[in-house]
Amino acid sequence: MYLFLIRLSDMSEFRKAFAKAKNIAIITGAGVSAESGVPTFRGEHEKWRKWHSQVHLNKEAMSDYNILPSELHSLNLSTWIYPPPSLPQDLASPEAFSRNPSRVWEFYHYRRELVLDKKPSAVHLAIAECEARLKKQGRSVVVITQCQDDLHRQAGSKHVLKIHGSLLETRCMSCGQVTVNKQSPICAALKSKGAPGANVSDAQIPVDKLPRCEERDCRGLLRPNVVFFGETLDSHILTNVEKEMELCDLCLVVGTSSIVYPAAMFGPRVAARGVPVAEFNMNTTPKTEYFMYHFQGPCGTTLPPALA
Ligand code: BV8
Ligand code: ZN
């Protein structure tokens, strides 16, 4: 097993594949922005009030949920809280937004404020520099990102497909207008709201004081222009992703837990065509076994030399 992992992590083998590749697809997740100081979506320390995915295993939970120890890895649960936690995806859903737009806006206001002053990390810069360098050689790099910040573009990446939308855009629930919005705070009523502490109460902001559309006299309620759980991804973007998945002859999967679909299946689908896929992550993921290479550690350390 030890030798097997060493083979998977052989950087010189990866570098040979990199040197030959003409079209490289780089799938990124929250781990890339973690290098810039943006908290990941899931993880031991990531929580907003009672919504979190930190989990502690106990035998009672496993027996109530009929979970076998052998199933834990595929569930991506190393530990399990009992009773089960409210997951962040319960906040990021159309149902949650229509039930309690004030609470959901507090959650997004908190996350918007977190990303607004962040700068691209060594990973963002290495990817952007690689795209520019390879372009001169007639080769291409596309970034397919689940991140909802703007750090890939800020770093200089030109070909970016943002599949889960943007924290810094709003969409009007009435007229559908999508607008880039980097205001801080996004509206007066949200100023100093959204604190993540477990004992913080909901601000219960009246709906007419939440962000509203400024298109002529629309005044419709705005929502964050992100893809909530249970919503479909933009079909135009998804078509472009499909094309890139078909075209690429090398794929990198960087800083994603590979548990959110459909993004989680992009890397395995490329691997199924026999194309080399390399995962860069702090940990193994439910998809690691599908990939030819796995480079474990902070991607700020592992990725720049891989793309140099
Ligand atoms: C859809 C909302 C059609 C906005 C986000 C098939 C099977 C099972 C489930 C489903 C399925 N199809 C659909 C589903 C349901 C659902 C889903 O996948 N649920 C999961 C949770 C099981 N998918 C959907 O609903 C999607 N829609 O498929 O439409 C449909 C609809 C209904 C029914 C059927 C079909 C819509 C997906 C919505 C995506 N929106 N968020 C918001 O953010 O507020 S996704 C959310 O997770 C984040 O925003 C982020 O974009 C995304 C992915 O997370 P990651 O980027 O992977 O981040 P995470 O924190 O999890 O992990 C960080 C990783 O980085 C870790 O691995 C860590 O080890 C690593 N790391 C950390 N630091 C570093 C590092 N690595 C390297 N270096 C470091 N320094
Ligand atoms: Zn409007």
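This write-up is about the structure you can find in this document. (Residues numbered from 1 in each chain as written. Chains lettered and ligands numbered in written order. Predicted model: local features only at pLDDT ≥ 70, side-chain atom pairs only at ≥ 80, totals over all residues. Heavy atoms only, no water.)

This next bit is on the coordination of the zinc ion (ligand 2). Of the protein atoms, only C172 (SG), C175 (SG), C213 (SG) and C218 (SG) coordinate the zinc ion (ligand 2), at distances of 2.3 to 2.4 Å. Its 4 donor atoms give the zinc ion (ligand 2) angles of 103 to 118° at the centre, a pattern that matches the tetrahedral case. Site description for the zinc ion (ligand 2): donor spacing in sequence, C-x2-C-x37-C-x4-C. Of this pair, C175 sits in the loop between strand 6 (165-172) and strand 7 (178-180) while C213 sits in the loop between strand 7 and strand 8 (222-226), and the two are 38 residues apart along the sequence. Judged by relative accessible area, C175 falls into the partly exposed class, the value being 42%. (Donors = N, O, S within 2.8 Å, 3.2 Å for Na, K, Ca; no water. Tetrahedral: all angles 85-135°; square planar, octahedral: opposite > 155°, others 65-115°. Helix = DSSP H or I, 4+ residues; strand = E, 2+ residues; numbered from the N terminus. Buried < 20%, exposed > 50% of the residue type's maximum accessible area, 1.4 Å probe, protein only.)

Quick look at the packing of helix 2 (residues 11-20) against helix 12 (residues 299-307) now. Close contact between helix 2 and helix 12 brings their axes to 9 Å; oriented N to C, the two are set at 45°. Considering their axes alone, helix 2 and helix 12 lie oblique with respect to each other. Contacts between helix 2 and helix 12 involve M11, F14, R15 and F18 from the first element and T302, P305, A306 and L307 from the second. For the contact of helix 2 with helix 12, the per-class residue count stands at 6 nonpolar, 1 polar and 1 charged. (Axes fitted to C-alpha atoms, helices over the stretch in contact; angles between N-to-C directions. Parallel < 35°, antiparallel > 145°, perpendicular 65-115°, else oblique. Contact = heavy atoms within 4.5 Å. Nonpolar A, V, L, I, M, F, W, Y, C, P; charged D, E, K, R; others polar.)

As a further point, take the packing of aromatic side chains. For the coordinates displayed, the defined rule picks out 10 aromatic pairs. Plain terms: the ring middles of F14 and F295 are 5.8 Å apart, the flat faces sit at 80° to each other, and that makes the pair edge-to-face. Placement of the pair is F14 in helix 2 and F295 in strand 11 (residues 293-296), with a sequence separation of 281 residues. Comparing F14 with F295 shows no difference in burial state: the two are buried. Consider the rings of Y293 and F295, whose centres lie 6.1 Å apart with planes at 10°: the pair is stacked. Neither residue differs from the other here; Y293 and F295 are each classed as buried. Taken together, the ring pairs in this structure connect F14, F18, F280, Y293 and F295 into an aromatic cluster. R139 extends its terminal NZ or CZ atom over the ring of F18, reaching a point 5.6 Å from the ring centre. (Phe/Tyr/Trp six-rings, centres within 6.5 Å; stacked < 30°, edge-to-face > 60°. Lys NZ or Arg CZ within 6 Å of the ring centre and 35° of its normal.)

This part is about helix 2. Along helix 2, the residues that are buried comprise F14, A17 and F18. Along the axis of helix 2, the buried positions cluster into a sector of 100°, meaning they face one direction only. Set apart from the buried face of helix 2 by more than 90 degrees, the exposed residues are K16, A19 and K20. Those residues of helix 2 hidden inside the fold are in contact with strand 1 (23-28), helix 8 (122-136), strand 9 (250-254), strand 10 (277-281), strand 11 and helix 12. (Arc of directions from axis to C-beta.)

This next bit is on empty space enclosed by the protein. Going through the model one piece at a time under the given rule, you end up with 2 cavities of 30 Å³ or more. In this structure, the largest cavity spans a volume of roughly 50 Å³. Lining the largest cavity, in full, are I27, Q146, V253, T256, S258, A263, A264, F266, G267, P268 and F291. Sorting elements by how many residues they give to the lining of the largest cavity places helix 11 (residues 266-272) first, with 3 residues. (1 Å grid on protein atoms, 1.4 Å probe; cavity = no way out; pocket = protein on both sides within 12 Å on 5 of 7 lines; lining within 4 Å. Points joined across faces, edges and corners; volume = space filled by probe spheres on them.)

Compared with an ideal rise of 1.5 Å per residue, which puts 13 residues at 18 Å, helix 10 (residues 235-247) spans 18 Å between its outermost C-alpha atoms and is within 8% of the ideal. Against strand 1, strand 4 (140-145), strand 5 (160-162) and helix 11 lie the buried residues of helix 10. Looking at where helix 10 begins, the residue whose side-chain oxygen comes 2.8 Å from the main-chain nitrogen of H236 is D234. (Expected span 1.5 Å × (residues − 1). Polar contact = N/O pair within 3.5 Å; in protein donor to acceptor, adjacent residues only side chain to side chain.)

Our next topic: the sheet that holds strand 6. Ordered in space as 7-6-8, the 3 strands form an open sheet in which the pairing is antiparallel. Two strands lie at the open edges of the sheet, namely strand 7 and strand 8, each paired on one side alone. Across the sheet, the axes of successive neighbouring strands diverge by a mean angle of 40°, strand direction being ignored. Sheet topology places strand 6 next to strand 8; 5 bridges connect them, and they run antiparallel. Of the residues in strand 8, the one forming a bridge with C172 is L222. Each of strand 6 and strand 8 is contacted by helix 7 (residues 101-116), which is oriented at about 135° to strand 6, the strand it contacts most. (Pairing = 2+ DSSP bridges.)

Judged by pairing direction, the sheet is parallel, and its 6 strands sit side by side in the order 5-4-1-9-10-11 without closing on themselves. Each edge of the open sheet is held by one strand with a lone partner, namely strand 5 and strand 11. Strand-to-strand, the axes of this sheet are offset by a mean angle of 15°, without reference to chain direction. Summarising the sheet, strand 1 and strand 9 pair through 5 bridges and their orientation is parallel. Note on strand 9: the bridge partner recorded for T28 is V254.

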